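# Observations on the model geometry
Residues per chain, in single letters:
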Amino acid sequence: MSEPRVTLYGREGCHLCEDARAIIERVCADLGEAYVEVDIDSDEDLQDRFGEEIPVTFVDGRQHDFWRVDEDRLRSALTR
């Protein structure tokens, strides 16, 4: 599998993060893409940067979504 194109920033116990993870896992599995998940609580700078706007999704290094992941929009971004 290639380098992850999708990064999910979130934290443990976040129900929106769990929803986002399920969508990202499904889309990435369908398209053969990799993703990585980063716990913002492990880094003070990430906590300051994202705060309560989690989950935050990046695609190819650029911010894509926050709070909710739109499956169709993510799929489209990964197939361009």
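My aim in this report is to walk through the structure given alongside it, one point at a time. Residue positions are given per chain, counted from 1 along the sequence in the order it is written. Only residues with pLDDT of 70 or above have their local features reported here, since the model is predicted, and side-chain atom pairs are shown and tallied only from 80 upward, although totals for entire chains, interfaces and linings are computed over all residues. Each side-chain value is derived from all of the structure's non-hydrogen atoms; neither hydrogens nor water enter the calculation.

## Description of unusual backbone geometry
Applicable threshold: Strands are runs of DSSP state E lasting at least two residues, helices are runs of H or I lasting at least four, and both sets are numbered from the N terminus onward. Burial classes: relative accessible area under 20% of the type maximum marks a residue as buried, over 50% as exposed, and values in between as partly exposed (1.4 Å probe, protein chains only).
For the bond running from Ile54 to Pro55, omega is -5°, close enough to zero to count as cis. As for its position among the elements, Pro55 is in the loop between α2 (44-50) and β3 (56-59). One non-glycine residue, Asp60, lies in the positive phi region at around 50°. With respect to the helices and strands, Asp60 occurs in the loop between β3 and β4 (62-66). By relative accessible area, which is 45% here, Asp60 ends up partly exposed. Non-glycine residue Trp67 carries a positive phi angle of around 70°. Tracing the backbone through its elements, the reader meets Trp67 in the loop between β4 and α3 (71-78).

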